[in-house]
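# A look at the structure
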Amino acid sequence: MNHMIDRRSFAAMGLAGSAALLTGGSVQAAQPQALEGEGTRAGKKTRVAMLLYPGTTVLDWVGPYEALHRVEGVEVVLAAKSLDLMKSDSGIMDYKANATFDQIDRTDVLLVPGGAKGLMDASNDPATMDWLRRMDSTSVYTVGICTGSLMLSHAGLLKGKRATTYWKFTGMLDQAGSTFVPERWVRDGKYWTSAGVSAGIDLTLALIADLYGPKRAMMAQLAIEYDPHPPFNAGSSRTAPPEVVQALGG
């Protein structure tokens, strides 16, 4: 991509696309589930480097972190340009990395969370993008959560790939040479992308299953008691009432 990620790009694509269905409902009876399979990294350690920058949407990386750090063999590293405190996109929550870019020369999984203005700034920061590309060159998997997939596309990593992102900005993937897929999460080769915010948890559980098998993924799911049954069927622009979509600028 040669063009910059900026406010105009976000605003222009605000009417484009839709995210995948998030269904609510009553608690269902337990169904038999396949527990077999050890995963592609059974018996191996896996380093997951999460790219942090000022202005992230915190659930984009805290949700995956809560599942990943409970898996034996997984080491989660929070990486940033510095160890200074950063504020979330809400301007309320403070957080910091536990390692700087120059302390990490490789990773097995690279995870990039989304944001708004913070993501724009990080996507146009040469040091951040250089580190992202270097980590991608070493990774088994590279993951974009929510608008984090736009940073991957800005780096040229999703060209010709199927991908998804936050429902307002799906057209930006098409502009970058990707094919938007209206799913909760999408995998194309080594690249995994999710729809908005909470979808990152779904993707992460699928990622854990790939790495260490379904049983380990289910253990992580139960450990965080991830059993969503929202009171409204409004978690997707395809199912939310039109007036709700319009109220959010869709």
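Summarised in this report is the structure supplied together with it. (Residues numbered from 1 in each chain as written. Predicted model: local features only at pLDDT ≥ 70, side-chain atom pairs only at ≥ 80, totals over all residues. Heavy atoms only, no water.)

Before going further, it helps to examine the nonpolar core. Judged by nonpolar contacts, the single largest core of 33 residues is most densely connected at Met 50, Trp 61 and Val 143. At the level of secondary structure, the elements contributing two or more residues to this core comprise strand E1 (46-51), helix H2 (58-68), strand E2 (74-80), strand E6 (109-112), strand E7 (141-144), helix H7 (199-212) and helix H8 (214-223). Looking at which element gives the most residues to this core, the answer is H7, with 8 residues. Ignoring sequence-local partners within four residues, the contact set of Met 50 consists of Trp 61, Pro 64, Tyr 65, Leu 68, Val 76, Val 77, Leu 78, Ala 79 and Leu 111. Membership of the second largest hydrophobic core comes to 28 residues, among which are Leu 110, Leu 132, Ala 155 and Met 172. (Core = buried A, V, L, I, M, F, W, Y, C linked by side-chain atoms within 4.5 Å. Buried < 20%, exposed > 50% of the residue type's maximum accessible area, 1.4 Å probe, protein only. Helix = DSSP H or I, 4+ residues; strand = E, 2+ residues; numbered from the N terminus. Contact = heavy atoms within 4.5 Å.)

With respect to the helices and strands, the residue Asp 60 is situated in helix H2. The side chain of Asp 60 is buried and forms no salt bridge, while Arg 184, the nearest opposite charge, is found at 10 Å. A polar atom in the side chain of Asp 60 sits 2.8 Å from the backbone nitrogen of Gly 114. In this structure Asp 60 touches Leu 111, Pro 113, Gly 114, Gly 115, Ile 145, Cys 146 and Val 197, once residues within four positions along its chain are discounted. (Lys, Arg positive; Asp, Glu negative; His and termini not counted. Salt bridge = Lys/Arg side-chain N within 4 Å of Asp/Glu carboxyl O. Polar contact = N/O pair within 3.5 Å; in protein donor to acceptor, adjacent residues only side chain to side chain.)

Take Ser 178: it is sitting in the loop between helix H6 (170-175) and strand E9 (179-180). A relative accessible area of 5% means that Ser 178 is categorised as buried. For Ser 178, the side chain forms a polar contact with the main-chain oxygen of Leu 158, separated by 2.7 Å. Beyond its immediate chain neighbours, meaning those up to four positions away, Ser 178 contacts Leu 158, Lys 159, Gly 160, Lys 161 and Leu 173.

So, about the pairing of E1. Two faces belong to every sheet, and in a regular strand the side chains alternate between them. Judged by how many residues are buried, E1 sits mostly within the fold: 5 of 6 residues are covered. Two strands pair when backbone bridges link them, and E1 and E2 are joined in this way by 6 bridges, in the parallel orientation. When the bridges of E2 are listed, Ala 49 appears paired with Val 77. Read from E1 through H2 to E2, the crossover connection turns out right-handed. (Pairing = 2+ DSSP bridges. Right-handed = clockwise from strand over helix to strand, strands pointing away.)

Turning to unusual backbone geometry, a few remarks are in order. Residues other than glycine seldom take positive phi values, yet Cys 146 does so here, at roughly 55°. When you line up the elements, Cys 146 lands in the loop between E7 and helix H5 (148-154). The backbone phi angle of Val 197 is positive, close to 45°, even though this residue is not glycine. If you trace the backbone, Val 197 turns up in the loop between strand E11 (191-194) and H7.

What follows deals with the packing of aromatic side chains. Aromatic ring pairs are reported here in terms of the distance separating the ring centres and the angle at which the planes meet. Enumeration over the complete set of coordinates arrives at 6 aromatic pairs. On the basis of an interplanar angle of 15° and a centroid distance of 4.6 Å, the ring pair of Phe 101 and Trp 131 is categorised as stacked. Separated by 30 residues along the polypeptide, Phe 101 in the loop between strand E5 (99-100) and E6 and Trp 131 in helix H4 (residues 126-138) bring together distant segments of the chain. Of the two residues, Phe 101 and Trp 131, neither departs from the other in class, the shared state being buried. A connected cluster of aromatic rings, assembled from ring pairs, spans Tyr 141, Trp 185 and Trp 192. (Phe/Tyr/Trp six-rings, centres within 6.5 Å; stacked < 30°, edge-to-face > 60°.)

A word on the environment of Thr 138. Inspection of the secondary structure puts Thr 138 in helix H4. Accessibility expressed as a relative area gives 31% for Thr 138, which makes it partly exposed. Residue contacts for Thr 138: discarding those within four places in its chain leaves Asp 105, Arg 106 and Thr 107.

Opposite charge on two side chains makes pairing possible when the charged atoms of those side chains draw close. A full pass over the atoms with the stated rule returns 11 salt bridges. Across the pair Asp 94 and Lys 87 runs a salt bridge, and its minimum N-O distance is 2.9 Å. Notably, a salt bridge pairs Asp 210 with Arg 187, separated by 3.0 Å at the nearest N-O pair. Residue Asp 210 is located in helix H7, and its partner Arg 187 is located in strand E10 (residues 185-188); the two are separated by 23 residues in the primary sequence. Overall, Arg 187 belongs to the partly exposed group, its relative accessible area being 36%. Because the salt bridges share partners, they merge into one network encompassing Arg 41, Arg 106 and Asp 108.

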